[in-house]
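# Residue-level structure breakdown
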Amino acid sequence: MRDTLVALSLARLPLSVIALAAAGVWEVYPAWPWLIVAALAGQVAGTHLFRRFTASRYDKVVMALLLISALSALGAATQ
């Protein structure tokens, strides 16, 4: 499941960039290096947490996070 989520994100990223660029709304923020640092810190923290979870607990946590993400995206899309 973890590898699938990473693979989906890697496939989705270029498509998102292309769609934003095609729509003319692509922006590069001045603080983008901090976003890279935050992503790397999240990877390190996630790896440590992943090692502590049992398989069933990991599945529940991932599903909860995906649900929160989907609801957040739905809320942003309807505003």
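Computed from a predicted structure; not experimentally measured.

### Examining the overall build of the protein
Each helix and strand counted, the protein has 3 helices and 0 strands in total. For the protein, the succession of helices and strands along the chain, N to C, is α-α-α. For a compact globule of 79 residues, the expected C-alpha radius of gyration is about 12 Å, and the protein comes in at 15 Å, more than 25% above that figure. Looking at the protein as shown, the accessible area adds up to about 6800 Å², and 72% of this sits on carbon and sulfur atoms.

### Considering the UniProt feature "transmembrane region" (unreviewed entry) in the protein
Within the UniProt annotation, "transmembrane region" (unreviewed entry) is assigned to residues 31-49 and 61-78. Taken end to end, residues 31-49 is 95% helix and 0% strand, and its two terminal C-alpha atoms sit 27 Å from one another. Between the end C-alpha atoms of residues 61-78 there is a gap of 26 Å, over a span that is 94% helix and 0% strand.

### Structural notes on the environment of L20
Within the secondary structure, L20 sits in helix α1 (residues 2-23). Residue classification places L20 among the partly exposed positions, given a relative accessible area of 36%. Leave out the neighbours within four places in its chain, and L20 touches V25 and W26.

### Overview of a nonpolar patch on the surface
On the surface, L20, V25, W26, V28, W32, L35, I36 and L40 cluster together to form a nonpolar patch covering roughly 830 Å² of accessible area. By residue number, the principal contributor to the nonpolar patch is helix α2 (residues 32-52), which donates 4 residues. Tracing the chain through its elements places V25 in the loop between α1 and α2. What makes V25 partly exposed here is its relative accessible area of 47%.

Thresholds applied
Residues numbered from 1 in each chain as written. Predicted model: local features only at pLDDT ≥ 70, side-chain atom pairs only at ≥ 80, totals over all residues. Heavy atoms only, no water. Helix = DSSP H or I, 4+ residues; strand = E, 2+ residues; numbered from the N terminus. Rg over C-alpha atoms; globule rule 2.2 N^0.38 Å. Areas by Shrake-Rupley, 256 points an atom, 1.4 Å probe, with all protein chains shown as cover. UniProt positions renumbered as here; feature names shortened; annotations may be inferred. Buried < 20%, exposed > 50% of the residue type's maximum accessible area, 1.4 Å probe, protein only. Contact = heavy atoms within 4.5 Å. Patch = residues over 30% accessible without salt bridge, like charges linked within 9 Å, V, L, I, M, F, W, Y side chains within 5 Å. Salt bridge = Lys/Arg side-chain N within 4 Å of Asp/Glu carboxyl O.

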